[in-house]
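If you want the building blocks of each chain, they are given just below.
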Amino acid sequence: MKKTYVFLFSMLIACCCFSIKSYAQVPRIPEASSTQTIIQDFGLGKVTITYSRPNVKDRKIFGGIIPYGEVWRTGANAATTITFTEKVIIEGNPVPAGTYSLFSIPNKNEWTIILNKVVKQWGAYSYKQDQDFLRFNVKPTHTSEKRETFTMAFVNSNVKSCDLVLVWDRTAAYIHMETDDDAKITANIDELMKGDRKPYYFNAIQYYYENNKDVNKALGWVYEAEKLEPKGPWYKLWESRLLLRKGDKAGAIAAAEAGIALAKANNDEEYARLNQEALNHAKE
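Residues numbered from 1 in each chain as written. Predicted model: local features only at pLDDT ≥ 70, side-chain atom pairs only at ≥ 80, totals over all residues. Heavy atoms only, no water.

A. Molecular detail of the overall build of the protein. Check the secondary structure of the protein and you find seven helices and 10 strands. Relative to the globule expectation of 19 Å for 284 residues, the C-alpha radius of gyration of the protein, 27 Å, shows a markedly less compact shape. Taking the principal axes of its C-alpha atoms as reference, the protein extends roughly 75 × 70 × 35 Å. Long-range pairs, those at least 24 residues apart, make up 54% of the contacts in the protein with a sequence separation of at least 6. Summed over all atoms, the accessible surface of the protein reaches about 16500 Å², with 54% contributed by carbon and sulfur. If you average the places of the 37 positive and of the 33 negative side-chain charges in the protein, the two averages end up 7 Å apart. (Helix = DSSP H or I, 4+ residues; strand = E, 2+ residues; numbered from the N terminus. Rg over C-alpha atoms; globule rule 2.2 N^0.38 Å. Contact = heavy atoms within 4.5 Å. Areas by Shrake-Rupley, 256 points an atom, 1.4 Å probe, with all protein chains shown as cover. Lys, Arg positive; Asp, Glu negative; His and termini not counted. Charge placed at Lys NZ, Arg CZ, Asp CG, Glu CD.)

Have a look at this one:
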């Protein structure tokens, strides 16, 4: 019986090895237009785009192989998809969380961008306008640098907004997006600050400063945090910035100078530089 088990186990291992080896040897052919997925953290959510990337190959692109005035899959192969995990605002239009096909209609002086409710389409062959969720127009721009491969990228990104740029050949089109998360983020901060505040001071202060929220509330957090980390130059930096926003130049200067001293004592070049910048700004 033992020999039987050993034999069966050996056969099982041999079959697995054969299967793995066979799978590894399956011939593959690369797509002419490679697929790319890009992901951008945006507010409390993420934006994910999956698209295929055709190349110029010495062809005329817009007004050529991509005719003006016709619906384009905004890439190659399957229609491009864009997924939002949270509600966003695109060019002033609210868009609920979900996945959409991203089509476009290029023209010489204006592009129509389309979010279509039907995903998993091949090209634009089965595209139906009555399934559009949203249409809006953007102005294309001419680029001095030629882009051989069609490229999408997120640029100018911060907590509240970013731009999606579509670039191919010598043409670029920018799509502006904004988050609608401020109320939720503020509520999250309030909830987190009810418990152990130490892990959240820095991010809460930064968010309040960068989004022009209650200066006095943020300063209160700064002073509490400084008591917990008296040798930390980072809170002196926020103290200086917030005091300057309140119009207290003398206080901002004193805080920045204290931050520089703490940073130098800790051999912290980054916060020595940042506090010096805050000091210079306060003295202007």
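B. Just the nonpolar core, in detail. Residues I82, F84, I90, M152 and L164 are the most contacted members of the largest nonpolar core, which totals 33 residues. Residues in contact with I90, not counting those within four places in the same chain, are F84, V95, L115, F136, I175, H176 and M177. Counting residues in hydrophobic clusters, the runner-up holds 22 residues, among them I189, Y207, L242 and L244. (Core = buried A, V, L, I, M, F, W, Y, C linked by side-chain atoms within 4.5 Å. Buried < 20%, exposed > 50% of the residue type's maximum accessible area, 1.4 Å probe, protein only.)

C. Quick peek at unusual backbone geometry. One non-glycine residue, T74, lies in positive phi territory at about 60°. For T74, the position within the fold is in the loop between strand 2 (45–53) and strand 3 (76–84). Note on T74: relative accessible area 0%, which makes it buried.

D. Summary view of the sheet that holds strand 2. With antiparallel pairing, the six strands of this open sheet are ordered in space as 1-2-3-6-7-8. Each of the sheet's edge strands pairs with one partner strand only, and the pair in question is strand 1 (34–42) and strand 8 (132–138). Pairs of neighbouring strands in the sheet enclose a mean axial angle of 25°, with direction left out of account. Note that strand 1 and strand 2 share nine bridges and pair antiparallel. Along strand 2, the bridge assignment pairs Q40 with V47. (Pairing = 2+ DSSP bridges. Axes fitted to C-alpha atoms, helices over the stretch in contact; angles between N-to-C directions.)

E. The arrangement of the packing of aromatic side chains in detail. Considering all chains together, one arrives at 16 aromatic pairs under this definition. Ring-pair connections join several aromatic residues into one group, and the members of that group are Y51, F62, W72, W111, F150 and W168. Above the ring of W238, the side-chain terminus of R241 is found at 4.8 Å from the ring centroid. Between R245 and the ring centre of Y209, over which it is positioned, the NZ or CZ distance is 4.0 Å. (Phe/Tyr/Trp six-rings, centres within 6.5 Å; stacked < 30°, edge-to-face > 60°. Lys NZ or Arg CZ within 6 Å of the ring centre and 35° of its normal.)

F. Here's a closer look at the side chain of S33. Its location among the elements puts S33 in the loop between helix 1 (2–24) and strand 1. In this structure S33 touches S52, R53, P54, A76 and N77, once residues within four positions along its chain are discounted.

G. Examining the pattern of salt bridges more closely. Counted under the stated rule, the structure contains 12 salt bridges. One salt bridge connects K236 with E239, and the closest N-O pair in it is separated by 3.2 Å. Residue K236 and its partner E239 are located together in helix 5 (residues 233–246), separated by three residues, close to a single helical turn. With relative accessibility at 9%, the residue E239 sits in the buried group. The salt bridge involving R273 is made with E277; its shortest N-O contact spans 3.2 Å. (Salt bridge = Lys/Arg side-chain N within 4 Å of Asp/Glu carboxyl O.)

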